[in-house]
Amino acid sequence: QLIESRESIIVWKTTMTSIPCVDLSKADRREVAAELVRALEDVGFLYLENVKCFNPDELYRATEWFFNLPGEKKREVATATWNPKNKNAYRGYFPAVEGGSSFKEGLELGKEISPDDPDAKRVLYEKNPWPVEDSTVPFRKIMSKYIDDMDKTSLEVTRLIAIGLGMDENAFDELFLTKPLSTLRLLCYPPRKEEPPPESKDGDLVMQCNEHSDGAFLTFLATFHYRGLQILTKDEKWVFVEPRPNALVVNIGKTLSKVTGYRLKATMHRVIYMGERRLSLPFFYEPHYHGDVNKFYRAVGLEEETPPYGYYGPWIIRQCKRDKYIEYQHTDFGEI
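Remember, it's a predicted structure, so these values are computed and weren't measured experimentally. (Residues numbered from 1 in each chain as written. Predicted model: local features only at pLDDT ≥ 70, side-chain atom pairs only at ≥ 80, totals over all residues. Heavy atoms only, no water.)

S.K.: Is there a simple way to think about the packing of helix α2 (residues 56-67) against helix α4 (residues 139-164) in this case?
M.R.: Any two packed helices are characterised by the angle at which their axes cross and by the distance between the axes. Where α2 contacts α4, the axes come no closer than 10 Å and their chain directions differ by 125°. Taken together, α2 and α4 sit at an angle that is classed as oblique. The handedness of the crossing between α2 and α4 comes out as left-handed. Taken together, the residues of α4 that come into contact with α2 (itself represented by E58, L59, A62, T63, W65 and F66) are F139, I142, M143 and Y146. (Axes fitted to C-alpha atoms, helices over the stretch in contact; angles between N-to-C directions. Helix = DSSP H or I, 4+ residues; strand = E, 2+ residues; numbered from the N terminus. Parallel < 35°, antiparallel > 145°, perpendicular 65-115°, else oblique. Left-handed = near helix turned anticlockwise from the far one by under 90°. Contact = heavy atoms within 4.5 Å.)

S.K.: Hey, could you run me through the environment of P131 in this one?
M.R.: Assignment of secondary structure puts P131 in the loop between β6 (105-110) and α4. Linking P131 and R75, residues 56 residues apart in sequence, is a C-alpha distance of 9.3 Å. Sequence-distant contacts of P131, defined by excluding residues within four places in its chain, comprise W65, F66, L69, V77 and F139.

S.K.: I would appreciate a short explanation of the environment of L24 in the present structure.
M.R.: Examined against the element boundaries, L24 turns out to sit in the loop between β3 (21-23) and α1 (29-42). The contacts of L24, once residues within four sequence positions are left out, are V32, L48, E49, N50, V51, T153, V157 and L160.

S.K.: Can you help me understand the packing of aromatic side chains in this one?
M.R.: Two numbers describe a pair of aromatic rings. These are the distance of the centres and the angle of the planes. Across all of its chains, the model carries 12 aromatic pairs by this definition. Between the aromatic rings of F172 and F296, the centroid separation amounts to 5.5 Å while the plane-to-plane angle is 40°, which identifies the pairing as tilted. With F172 in the loop between α4 and α5 (173-176) and F296 in helix α7 (residues 293-299), this pair connects stretches of sequence that are 124 residues apart. Here the two residues F172 and F296 agree in accessibility, since each one is buried. Each member of the aromatic cluster is reached from another via a ring pair, and the members are W65, F66, F67, Y93, W130 and F139. Geometry around F240 places R227 over its ring, the cationic atom sitting 4.1 Å from the centre. For K295, the ring lying beneath its charged end belongs to F296, and the centroid distance is 5.8 Å. (Phe/Tyr/Trp six-rings, centres within 6.5 Å; stacked < 30°, edge-to-face > 60°. Buried < 20%, exposed > 50% of the residue type's maximum accessible area, 1.4 Å probe, protein only. Lys NZ or Arg CZ within 6 Å of the ring centre and 35° of its normal.)

S.K.: Hey, could you run me through the sheet that holds strand β7 (residues 183-189) in this one?
M.R.: Sheets are built from strands that pair by backbone hydrogen bonding, the pairs being arranged parallel or antiparallel. With mixed pairing, the 8 strands of this open sheet are ordered in space as β3-β4-β13-β10-β15-β7-β6-β5. Sheet topology places β3 and β5 (92-94) at the edges, where each strand pairs with a single neighbour. Neighbour-to-neighbour, the strand axes of this sheet turn through a mean angle of 25°, independent of strand direction. Strands β5, β6, β7 and β15 (278-285) of the sheet are contacted by α2, whose axis makes an angle of about 110° with β15. Here α4 sits on the sheet in contact with β4 (45-49), β6, β7, β10 (218-222), β13 (247-252) and β15, set at roughly 50° to β15. (Pairing = 2+ DSSP bridges.)

S.K.: Just checking my understanding: could you explain the packing of α1 against α4 for this structure?
M.R.: At a minimum axis separation of 8 Å, α1 and α4 run at an interaxial angle of 85°. What the angle tells us is that α1 and α4 run roughly perpendicular. Here R29, R30, V32, A33, L36, V37 and L40 of α1 lie close against α4, whose contacting residues are E156, V157, R159, L160, I161, I163 and G164. For the contact of α1 with α4, the per-class residue count stands at 9 nonpolar, 1 polar and 4 charged. (Nonpolar A, V, L, I, M, F, W, Y, C, P; charged D, E, K, R; others polar.)

S.K.: Teacher, can you tell me more about the sheet that holds strand β9 (residues 205-212) here?
M.R.: Taken together, 5 strands build an open sheet; the order of strands is β8-β9-β14-β11-β12 and the sheet is antiparallel. The open sheet has two free edges, formed respectively by β8 (201-202) and β12 (238-240), since each of these has just one partner strand. One ladder, built from 2 bridges, connects β8 with β9; its direction is antiparallel. Bridge pairing in β9 links D202 to L205.

S.K.: So what exactly am I meant to see when it comes to unusual backbone geometry here?
M.R.: Negative phi characterises most residues that are not glycine, and trans characterises most peptide bonds. Phi at N50 is positive, roughly 60°, even though this residue is not glycine. With respect to the helices and strands, the residue N50 is situated in the loop between β4 and α2.

S.K.: Sorry, what's going on with α4 here?
M.R.: One turn of an α-helix holds 3.6 residues; hence residues three or four places apart share an orientation. If you check α4, its first and last C-alpha atoms are 36 Å apart, about what 26 residues at 1.5 Å a residue would give, namely 38 Å. Once α4 finishes, G166 follows within two positions and takes phi at roughly 80°, a positive value. (Expected span 1.5 Å × (residues − 1).)

S.K.: Quick question: what am I supposed to make of the pairing of β13 here?
M.R.: Each regular strand displays side chains that alternate between the two surfaces of the sheet. The element β13 is largely enclosed, with a buried count of 6 among its 6 residues. Residues A247, V249 and N251 of β13 are buried on one face, and the alternating residues L248, V250 and I252, pointing to the opposite face, are buried as well. As judged from the 5 bridges shared by β4 and β13, these two strands associate in the antiparallel manner. Pairing of L46 across the sheet is with V250, part of β13. Where β10 meets β13, 4 bridges bridge the pair, whose relative direction is antiparallel. Residue pairing for β13: F220 is matched across the bridge by V250.

Scope: geometric values only; no functional claims are made or implied.
Right under this line is the structure:
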């Protein structure tokens, strides 16, 4: 595979025009582990089928319900950046902002911890702001259960990856067993009301989310029935990841790529405007705040890439500040 540097980020490109499919329900875990690692070595993306907790119809109904709320109702759960009346700084709603290469609105939720926990005061662990419900959709119940279930599913997939890499099955457990910083992000890519800026265009195509590779450990994405997601191939071509409604699209982030010595691929991807509103639901599986990622970097000989701050929480905060994500531009993360 071709590796090149782009703005200090390792970029992987796949040679395939379609992505592999892995069945999580197979009885032979070693077979599933081998298939997972093969897909993540070659492509960095895969379809994951037969995930027990994944109910696409229910999740779509809840996601659609939220984004169909009036603007003022969504702003009630916005972060303080977008609604100064609110105290939540990290979790919550953010609106779509015209003028950039990315154009999306979203709601960020996470696994809540006890208010008595010493880490409860940290912004990355703040409580979820929940929208006021009507009698049509039990939104909080659906999303809370999915976060809990995906936490368990993600741990199993992480263990399978460890097996497939020839490591101890529980090699990565210490990063995730206690208070992972995982995020469930509801996303809506609406039609633009203004002329798209030049930086959002690639020929006749208009981007709703510009090209990037994820920073987290693993991403589990529900694309529902929508097209628009593309991955970058080795020969510099963008190819569509076709919707597979009953499967999750799984890709890895730069953190997992690094801790495997770049054996696994954090593939570049983007979202293209397809002429309609698009909904999606990614779950980003992330280590806990005090997770010692450096330990794993050193184990694969990446001492020169070991950040001085070491732990995952400070790292993700600095990433948010450095990359200037519009939803976090004015976020006060407090002390690191």
